[in-house]
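An overview of the molecular structure
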Amino acid sequence: MKRALWLVLLLAAAAAQAQAPSWEMQVAELDARLAAVDAAAGSGDGAALERLEARQVLAGLPKTRARERIDAYEVAEALVRRAEFALKSAELEAQLLALDRERDGILLEASRRDAELARKEAERMRLLALAREEEEALAAAEQAAVQETQARELADAEAKDAELARLEEELAAQAAAKGDVLASRSVNGKPAYRLSASAFQPGKAVLMPEAKQLLQQLARKLKAGGKSWSIEGHTDNLGSEEGNLALSRQRAEAVQAVFRAAGVPAGKLGVKGWGSAKPLAANTGKNGRAQNRRIEILPK
Amino acid sequence: MSTPFLRFLLVACLAAGTAAAQSPPSELPQAEQAVTAARQANAGTLAPDALARAEAVLAAANAAAGRGKLKEAERQALRARRLAEAATAEAHYLQLKERVETKVSENAALRRELLVTGGGRP
């Protein structure tokens, strides 16, 4: 009976031992873990102290007495674990340094890019300003050229007008002196006509036959032009002003009557009598007074 | 050698042995320092199991010392110290890992903000 009991106990102990990993296997497992750490560290000195301490403890592990094995295993495993974490930490430290450098690189790159953008923007603004200046200069030059041309043309026109006016005056004077009845001239570049006092019977508003014929010829011309005209009578300053006003108007109306009879529409003909109010020359001499007695046929 | 001298030597050796046996284990303060260091490394949050094991073993070491089992206390203190050191290493590793992950995200965001969208400085 006792033998059977002992046999059962021995078998149970053997079974328990067979199920638990052997001491050698546990040590080998720790050895393998430490070897992996060493391999990962390579030739570097990452976690060197931790690996050394773990290796020393593992070296003494196989000789450990059976009753101390649990504690010894726990200490060795803690040392191996510490070495594993220490090596991983060393790798992370290196990674942190690399990340710091990467951040610096990003900032540097961004600064370079900002500087480049600022440089390009400045260049763009400079070119814009340059273009604007050129544009303004061109516009100013064009305007100056236009103004110069206009001024030149104006001066030319004024010179021509002055020359024409001078010629007209000369012609009028010559006509008056010669006793020409009808003279043409230009007022502001438009044709105008002047009828001398010799066209009328002295002191009356009755046209001489020659003058009437000339006016009929002129009427055909005015009718063809289709413009409006103002017929203005003038006298010298001899006699009363009332009489002069009446005579100047009556003479103008006499001219208007010839034009209307020749077919010029009445609506295109205006009549005025100025008397002696608008003399052409001084009324002091005979010639001057002869010039002042006249009918002006002016474009409206 | 005379007998009185041998007696004296025997008594002195016994006294010295007794004194040595009664002195507190030298590993105990180191173990306590290691556990404190682990707590300061935030192992309570980052490696709670490892720290709890170290603290339990330290408590066992202190208990053994209290019972006068100094050799046992010494052995447990050594275990506690090594376990605490492992807990500290684990906590340190996890802190670094978190810092690396954060920095990777920050760099990616920075790159996106500065180099892709051309935003202003952080």
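Below is a short write-up of the structure. (Residues numbered from 1 in each chain as written. Chains lettered and ligands numbered in written order. Predicted model: local features only at pLDDT ≥ 70, side-chain atom pairs only at ≥ 80, totals over all residues. Heavy atoms only, no water.)

Quick look at the packing of aromatic side chains
Considering all chains together, one arrives at two aromatic pairs over all chains under this definition. Between Tyr193 of chain A and Trp229 of chain A, the ring centres sit 6.0 Å apart and the planes meet at 50°, which makes this aromatic pair tilted. Of this pair, Tyr193 of chain A sits in strand β2 (residues 190-196) while Trp229 of chain A sits in strand β3 (residues 229-234), and the two are 36 residues apart along the sequence. With relative accessibility at 6%, the residue Tyr193 of chain A sits in the buried group. For Trp229 of chain A, a relative accessible area of 5% translates into the label buried. The ring centre of Tyr93 of chain B lies 5.2 Å from the NZ or CZ of Lys88 of chain A, which sits over that ring. We note Lys278 of chain A situated over the ring of Trp274 of chain A; from NZ or CZ to the ring centre the distance is 3.8 Å. (Phe/Tyr/Trp six-rings, centres within 6.5 Å; stacked < 30°, edge-to-face > 60°. Helix = DSSP H or I, 4+ residues; strand = E, 2+ residues; numbered from the N terminus. Buried < 20%, exposed > 50% of the residue type's maximum accessible area, 1.4 Å probe, protein only. Lys NZ or Arg CZ within 6 Å of the ring centre and 35° of its normal.)

Details of the sheet that holds strand β5 (residues 294-299) of chain A
Residue and element names in this part refer to chain A. Taken in spatial order, the five strands of this open sheet run β1-β2-β5-β3-β4, and their pairing is mixed. Across the chains shown, the open sheet's two edge strands, defined by having one partner strand only, are β1 (182-187) and β4 (269-273). Direction aside, neighbouring strands of the sheet carry axes that sit 20° apart on average. Where helix α5 (residues 209-225) meets the sheet, it contacts β1, β2, β3 and β5, and its direction lies at approximately 165° from that of β2. Contacting β2, β3, β4 and β5, helix α6 (residues 241-261) runs over the sheet at an angle of about 160° to β4. (Pairing = 2+ DSSP bridges. Axes fitted to C-alpha atoms, helices over the stretch in contact; angles between N-to-C directions. Contact = heavy atoms within 4.5 Å.)

Some details on the side chain of His234 of chain A
You can see His234 of chain A is positioned in strand β3. Taking relative accessible area as the criterion, His234 of chain A reaches 3% and is therefore assigned buried.

Overview of the pattern of salt bridges
Enumeration according to the criterion identifies 28 salt bridges over all chains in this entry. One salt bridge connects Arg124 of chain A with Glu121 of chain A, and the closest N-O pair in it is separated by 3.0 Å. On the criterion of helical spacing, the pair formed by Arg124 of chain A and Glu121 of chain A is a turn pair, its members being three residues apart in helix α4 (residues 69-178). According to the relative accessible area criterion, Glu121 of chain A is partly exposed, its value standing at 37%. With a shortest N-O distance of 2.8 Å, Glu55 of chain B and Arg39 of chain B are connected by a salt bridge. Within this pair, whereas Glu55 of chain B is found in helix α4 (residues 48-66), its partner Arg39 of chain B is found in helix α2 (residues 27-40), the two being separated by 16 residues in sequence. Residue classification places Glu55 of chain B among the partly exposed positions, given a relative accessible area of 28%. Residues joined in a network through salt bridges with shared partners are Glu53 and Arg82 of chain A together with Glu27, Arg81, Arg82 and Glu85 of chain B. (Salt bridge = Lys/Arg side-chain N within 4 Å of Asp/Glu carboxyl O.)

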